[in-house]
Amino acid sequence: MTTPPTLPGSGLPWYVRPAARAWTCAPVPADVRAFHAGLSGYAPTPLVELPAIAALLSVGRAFVKDESTRMGLAAFKVLGASWAVHQVLSRHQVLSRHPAGAELVLVTASDGNHGRAVARMARLFSQRAHVFVPSGVHPVAMAAIAAEGARVTEITGTYDDAVRLAAEAAREPSAVLVQDTAWPGYEQVPGWIVEGYSTLFAEVDQQLAGARAAGPGLVVVPVGVGSLAQAAVTHYRSRPGEPAPALMSVEPEAAACVLASLAGGELVSVPAGATVMAGLNCGTPSMLAWPYLRAGLDAALAITDADSIAAAHELAGRGIPAGPCGAASLAGALAALTGEGADARRAALAIGPDTTVVLLSTEGAAANPVPDAAG
Ligand SMILES: Cc1ncc(COP(=O)(O)O)c(C=O)c1O
């Protein structure tokens, strides 16, 4: 594995590729937003302008997309799970081995948020759910999955191990795997999950227009396997005629698989360590996301738990109850845009004093509590 170059000043890893802004791809199907709009409990989550954060980042305007209230689940993941489960039930169940109306077990592996979202959708559509959870997931997150009526199996091992076990369990005739990462031969469901995330970016477009803000110059995305980042790339690189923002991924140092892959030029796995950013603790990028990330991401970096916790406290002080994964965006933006060597990094990302920055706060602290300090 190639060692990523370090972020000047902080010594943290840093990857940059400004040519990404010129890359283009096809958009997602138009009916995803309409599906979500008709879903019980759906409402756009707030896009909150924080002038104090804009001042900290020395940019024109800063907005935080606050996913802490997403359909009562405190994380964005239900956007993908709902669209994928809808697709699975409407196509798969009728067309293949499951007679229409028979109860299915929706199986998945999750660090918390995706599992809870699949469990909620199983309940909504009168199906069952079985969620495999790796070691180290917060008990609050596990209890939240169980409270949706799902069977929860806590394994001894990493997220990648949990994915393997879930895929095995889903070989049962009455089971379907609803996984938010792809590998050779398993691409359709993760593709639907990525499509589902597009609603978040459609909301951001409308909300920025409503705030009379310029289109973003930088969008910062917390990354686990890279499916959300794939959705960001798909959204912002499929709008001919509109300015293309810089897109930056942020991962925990303990599990920076996308950064390592980008730095080395090929998809690699890294050994996942322990991190408070549980939803980002993934050792292998999604195979489906990888071509989009390699071509369409401008920058990638990794942050420490202490950075994420400090950013979560900063956001909490400004009324945004971000969990550790959600706060990773602000921590990453601070690492990239401020401090020693920031001028060169800002130039590479085309960030100026008037730039609009959008930080995705992908979970609330209710989904994954913020510790007082890194331990
Ligand atoms: C809160 C939160 N943010 C970000 C992510 C990263 O999404 P992805 O794994 O698609 O990169 C996750 C994944 O579970 C998550 O739970």
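Everything discussed here concerns the structure shown above.
An account of the accompanying structure is given in this report. (Residues numbered from 1 in each chain as written. Predicted model: local features only at pLDDT ≥ 70, side-chain atom pairs only at ≥ 80, totals over all residues. Heavy atoms only, no water.)

Here we look at the overall build of the protein chain
Helix and strand counts for the protein chain stand at 13 helices and 11 strands. Principal-axis analysis of the C-alpha atoms places the extent of the protein chain at approximately 60 × 40 × 40 Å. Residues classed as buried in the protein chain amount to 58% of the 375 residues present. In the protein chain, of all internal contacts separated by at least 6 residues, the share reaching a separation of at least 24 is 74%. As displayed, the protein chain offers around 13,700 Å² of accessible surface, 56% of which is attributable to carbon and sulfur atoms. With 23 positive and 30 negative side-chain charges, the protein chain shows a spacing of 6 Å between the two charge centroids. (Helix = DSSP H or I, 4+ residues; strand = E, 2+ residues; numbered from the N terminus. Buried < 20%, exposed > 50% of the residue type's maximum accessible area, 1.4 Å probe, protein only. Contact = heavy atoms within 4.5 Å. Areas by Shrake-Rupley, 256 points an atom, 1.4 Å probe, with all protein chains shown as cover. Lys, Arg positive; Asp, Glu negative; His and termini not counted. Charge placed at Lys NZ, Arg CZ, Asp CG, Glu CD.)

What to know about empty space enclosed by the protein
Going through the model one piece at a time under the given rule, you end up with two cavities of 30 Å³ or more. Among the elements of the structure, α4 (113-124) and α8 (227-236) are those that each provide at least two residues to the lining of the largest cavity. In terms of residues, the lining of the largest cavity owes the most to one element, α8, which gives three residues. Taken together, the residues of the lining of the largest cavity break down into 10 nonpolar, nine polar and four charged. A volume near 50 Å³ is recorded for the second largest cavity. In terms of lining residues, the second largest cavity is bounded by Asp111, Gly112, Asn113, His138, Ala141, Ala278, Gly279, Glu363, Ala367 and Asn368. Tallied by class, residues from the lining of the second largest cavity come to three nonpolar, five polar and two charged. (1 Å grid on protein atoms, 1.4 Å probe; cavity = no way out; pocket = protein on both sides within 12 Å on 5 of 7 lines; lining within 4 Å. Points joined across faces, edges and corners; volume = space filled by probe spheres on them. Nonpolar A, V, L, I, M, F, W, Y, C, P; charged D, E, K, R; others polar.)

Re the pattern of salt bridges
Summed over all chains, the structure comprises 15 salt bridges. The closest approach of N and O atoms between glutamate 49 and arginine 61, which form a salt bridge, is 2.8 Å. A residue pair is termed long-range when its members are at least 10 positions apart, and glutamate 49 in strand β2 (residues 47-49) and arginine 61 in strand β3 (residues 61-66) qualify at 12 residues. As a salt-bridge pair, aspartate 180 and lysine 77 come within 2.8 Å of each other at their nearest N and O atoms. With aspartate 180 in the loop between β7 (175-177) and α7 (188-210) and lysine 77 in the loop between β3 and α3 (78-95), this pair connects stretches of sequence that are 103 residues apart. (Salt bridge = Lys/Arg side-chain N within 4 Å of Asp/Glu carboxyl O.)

Brief notes about the layout of surface pockets
By volume, the largest pocket amounts to about 300 Å³. Every residue lining the largest pocket is counted, 19 residues in all, and those nearest its centre are Ser135, Gly136, Val137, Thr275 and Asn281. Of the residues in the lining of the largest pocket, the class split is nine nonpolar, nine polar and one charged.

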